[in-house]
Each structure stands twice: as structure tokens, then as C-alpha cells.
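Coordinate inspection notes
Each chain, letter by letter, is given below.
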Amino acid sequence: MLQEIVISGFGGQGVLSMGKILAYSGMMEEKEVSWFPAYGPEQRGGTANVTVIISDEPISSPVVNQFDVAIVLNQPSLEKFEDRVKPGGALIYDGYGIHKKVERKDINVYRINAMDESIKMDNTRVFNMIILGGLLKISPMVELVNVMKGLQASLPERHHKLLPMNEAAILRGMELVEQEQQAE
Amino acid sequence: MSEEIALMKGNEAIAHAAIRYGVDGYFGYPITPQSEIIETLMEEAPWKTTGMVVLQAESEVSAINMVYAGAACGKYAMTSSSSPGISLKQEGISYMAGAELPALIVNVQRGGPGLGTIQPSQADYFQTVKGGGHGDYKLITLAPNSVQEMADFVGLAFDLAFKYRNPSMILTDGVIGQMMEKVKLPAWRQRRTEQEIREQCPWATLGKTADRKPNIITSLELDSAAMEKNNERFQAKYREVEATEVRYEEVKCDDADYLLVAFGSAARICMKTIDLARKEGIKVGLLRPITLWPFPTKVLHSYGGKVKGMLTVELNAGQMVEDVRLAVNGQIPVSHYGRLGGIVPTPDGVLAALKEKMSI
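Residues numbered from 1 in each chain as written. Chains lettered and ligands numbered in written order. Predicted model: local features only at pLDDT ≥ 70, side-chain atom pairs only at ≥ 80, totals over all residues.

Overview of the interface of chain B and chain A
Selection rule: Note on contacts: residues are paired as contacts if their backbone-placed C-beta atoms lie within 7 Å. Here a strand is any run of E in DSSP of at least two residues, a helix any run of H or I of at least four, and the numbering for each starts at the N terminus. Pairing between two strands requires that DSSP report at least two bridges joining them.
Contact residues are listed per partner, giving 20 residues for chain B and 16 residues for chain A. Of all elements in the fold, only helix H8 (174–178), strand E8 (180–184), helix H11 (264–279) and helix H14 (347–357) of chain B reach the threshold of two or more residues within the side of chain B that touches chain A. Looking at the side of chain B that touches chain A element by element, the count peaks at 5 residues for H11 of chain B. Where strand E2 (residues 32–37) of chain A lies against E8 of chain B, 2 bridges are found, and the strand directions are antiparallel. Within E8 of chain B, the position partnered with Trp35 of chain A by the bridge is Met180 of chain B.

Quick word on the packing of helix H12 (residues 297–304) of chain B against helix H13 (residues 320–328) of chain B
Residue and element names in this part refer to chain B. Here is the rule we go by: Angular values range over 0 to 180 degrees, each being the angle between N-to-C directions of two axes fitted as lines to C-alpha atoms, with helices fitted over their stretch in contact. Helix crossings are classified by the rotation of the near helix relative to the far one: an anticlockwise turn of less than a right angle makes the crossing left-handed, while a clockwise turn makes it right-handed. Each residue receives one of three labels: charged for Asp, Glu, Lys and Arg, nonpolar for Ala, Val, Leu, Ile, Met, Phe, Trp, Tyr, Cys and Pro, and polar for the others, Gly being one of them.
Put simply, H12 and H13 touch, their axes get as near as 7 Å, and they point 65° apart. Here the hand of the crossing between H12 and H13 comes out right-handed. Together, Thr297, Leu300, His301 and Gly304 of H12 and Val324, Ala327 and Val328 of H13 make up the contact between the two elements. In the contact of H12 with H13, the residues fall into 4 nonpolar, 3 polar and no charged.

What about the sheet that holds strand E2 (residues 25–28) of chain B?
Residue and element names in this part refer to chain B. Strand order in the open sheet formed by 7 strands is E3-E2-E4-E5-E7-E6-E12, with mixed pairing between adjacent strands. Looking at the sheet topology across the chains shown, the edges are occupied by strand E3 (53–56) and strand E12 (291–293). Averaged over all pairs of adjacent strands, the angle between their axes in this sheet comes to 20°, without regard to strand direction. Bridging between strand E6 (residues 140–142) and strand E7 (residues 168–173) involves 3 bridges; their strand directions are parallel. When the sheet's bridge partners are listed, Thr141 is paired in E7 with Met169.

Here we look at the domain arrangement of chain B
Residues and elements named next belong to chain B. Selection criterion: Domain start and stop positions are those given by an automatic or database domain assignment.
The domain architecture assigned to chain B consists of domain 1 (5–184) and domain 2 (249–357). Placing a centre on the C-alpha atoms of domain 1 and another on those of domain 2 gives a separation of 26 Å. Domain 1 puts 26 residues into the contact, and the matching count from domain 2 is 20 residues. The element that contributes the greatest number of residues to the side of domain 1 that touches domain 2 is helix H6 (residues 125–129), accounting for 4 residues.

A look at the environment of Ala210 of chain B
Residues and elements named next belong to chain B. Where we set the bar: Here the C-beta atoms are placed from the backbone, and a residue counts as buried if at least 20 other C-beta atoms lie within 10 Å of its own, exposed if 12 or fewer do, and partly exposed otherwise.
Relative to the elements of secondary structure, Ala210 occurs in the loop between helix H9 (194–200) and helix H10 (224–244). C-beta crowding within 10 Å serves as the criterion here: with 4 such atoms nearby, Ala210 is assigned to the exposed category. The sequence separation of Ala210 and Asn107 amounts to 103 residues, and the corresponding C-alpha distance is 41 Å.

If you want it as C-alpha cells, here you go:
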């Protein structure tokens, strides 16, 4: 098993922390993991992004050119990463942030209205957990129970009371994600 | 507890490893992409536990001179910075080499020249292994390629520094500093007592006792004949380091027709290139220098008689390639591929360059 994933959006959308939770989750399954952020000025707007790799084997390069899954949470991220999804791979986008259509036909495309849902849930901070739920639904690379362990490990103890809320958001994301295009 | 596996950034691993190794003092000044080192040390507050001093100096220059003073007392003293800050420290590093002081300097490189960018780079290779500061001196240089090696090399760098009474550098970059991976942190060690330091470092300026002459730590020697003797002693020491401390890793070199030569983050990228190339039937191996000085000259020379060509992959315009060419000495073609200014090469970019430059 080797999953090369990029998560990209505006700074403040929880892109880096979602990647961190995913990496922790993989670690809980005793997989090899790497997490490499674009730590530059992108963090402060534009496309904050992080590459997460989860693998059964030791990870060679933490930097890759093509991804199994690209999660794009705003328009600049779609423009940057659409071409870098492997043929037959998956692109997940948030319906709120993306206005232009995906042009490629050789990839699977999924939409998840996470921003709308988080507003409905009256808690925009769980936005990234809804997205994570969508990812786990279409590509169950780690077990939910290990995601919860990963969350626990990555959150400071004073925030552990928020774990049930995050789990609910992940479960909601699993229900919400919709396939929009099958790879040709 | 020594079996615990953590997930952390390379920079954080350096900080934790320093505390566990029993380092006496860290002196630094923040700069991206290495600020997590001082941030983690401040958060861990080791002055409350091991007694380690952590101090944010008013500048990089004062930090390196604090390291000089700590080292003169036989203490484990370290500093860290990124490229522009490391340039500021060069005078202090030369003085420490001249005064034969052991210490650790960490450079988490970013793209230059000048203030440049904050993205990863390996463009300080020349500065590190060819001098940087003035005078005929060498800096023991370790190049980690993983978060695990970031942790492991802190102790190794101090061991080598004290074995040879010479400053050591961990030369890394924004990729390894900023990425998170699994790491097994080294075991805890007690900080040395003053008595232990007196025994292990009889040269240390810890206060003169009645039974010996005063210890003097200085790089100044106005008598040229004496200064030449000092230099000869340094050079003899450097030859000994070159004979005994070369470290490197060979990956799939046995049946290779072509060798990639790369260190640190570039070596990680090349590991993936090897797989891509072998899927296409091109037999590629990787030789990864772990010590950049002393450089693995002999092994590279011997591969010069075995493979068809070598490609160095560096996050710079072609620096280590000069040392590889010297080692290979014209036996086979040696080319360079690099990206500049903070751009990180990709595994398929390296493969394309290999095919083009070696006419495969």
C-alpha cells in the first residue's frame, strides 16, 4: 500500500492539521508516514498545501510530482494540482470553493459540500474533518478507530473534549461525499 | 521509554535529541526554516530538568561567540540557524577551528544568495566544506536525510567534535527540517559534571588548579613559526579525520550502470528516481555521502572504474559535483542536475535529467 496525497487550500482552512491527523492515523496502524508542508509564504493565503504519504514500505521521497489523491479546497489549488493527479486517481473538491469545472476525464472526481455543511453544523472549525471523512469514504486508507487515535495524539489534551464533535464531522463527511465523474 | 516512536519535524527532533544527549547550552536566533529548534527548546524548558541553558541571543554573531565561550569551558554548546544567519557566524566558526574548540552548528539551509527565499536549498555546500570563514580549516560536516538522522546526528556530531577538538556542522535543509516522519529519539544521558569535564577535557578553562599551568584558549599566535606549527598540527588532525571518519550509504550500487550522487533531501528524492528508472530497465544506484567533509573520495573513485556515468543531484547550481569529479578523476562522465532558489527537484525530473545528460 502506498498513498501519495496532497491537501491544498487557503491558509486557515485546516489543511496542515488535517494532513497531520492523517499522518498520525497512519502511524497508529504502524505504517510509514511522511508529512511535508509548503511552509513558505503560501501559508498566509493562496495555496497552503501539504504532501502526506502513507505506505507499508519505507518512504523514499517526501516530495512527489504526482498524487493518488488531490484534495483541493479553493480555485488556485485546483489550477495547481489538477494536472498532478495520477491517471485513474482521485480529485476531491469542496463545492463552496471551486467554481470552474475539472477538465481532465481520466481521473475520478468527487464533490463534498463541507463548507456549507460546517455552516449548517454551526461550527466552521470542523470543515477539515468533514473533508477527511469524505477522503476516508472514497479511499479507506486508514481505519476510523485509528483516525480517532491519531486525532487524540495530535490534539493537545485540553482539546480532547472536542473529539466527539470531530468524529461526528468525519462521519457526516462520509455521508456527504458524492462521485461526480468516473475516470475514463 | 527509549523505544518510544514519535511523529515530529526534523527541527523538533534536533531539539529533543540535544536535551537527551546532555547538551549544556543552546544559543541561537530565530530564522525560517529552522525556528522550531529554538521554539521546541523553549517549550521543553530543559533548564528546569537537565539544567541545559537555552538562550535567544541578540544576534547570530553573539550566539556563535556564546558557543565559543561554552566550548572553551569544555561544555557541550550548540547553535543553529539558516543560510544568511550561518554566514554571520563564519568568523566565530573560523575562530573555533583555530582555537580547536568542539561545538555543534546546525544549518537548515534556504535558498540564497543574500536573504533569498525561505524554501529549501543546498547552496551552502561550498561555504561549509571549503572554508566559509578564513584560514586553512575544516568543518566536520554531517548531512542527515531523514528526521531519524536529524536526531541521531546530534550526538554523533558532538562525539566527533570532542574526539578531534574541532567544530562540527549538521548541514541540512528546509525539506528535512520541516517534514514530519516517525522517529525514535535517542536514550537520555546525564549531563556531565564539572569533575567529568575536567577529566575528559584537560584543556578546558574551568579554573586553574595548583598542579598545572593555566589553560589558554585562543586562535591568536603572532609568532609565525609557532603559527606554522599550529597549522601543521591542524592539518595532521584533518588527515586523520579523512582516514577514519568517512561515512556514506550505497543504495542498489551493486549492479548499477549509472550512479546518482546526492546528500540530504536530494538523496531522498533520488531513492524514488532509482525505482522509476529500474521500472524502465535502467540500472541506477545511489551513493549518498553522509559526511560531506571528510568526503567519500575513495569509494567514488572506485565506482569510477565500474559504472558508465554519474549524475550529482543537488539543490544548487553544481557544488558537490566538483568534489565528485576530483574523486572520479576523468574515468567517466560526471554531470550535475539541480534546481535553484528554493525549488525542490522531483523524482521524475531527476530521471529525465539522467537520461538526457547520460544519453540513455
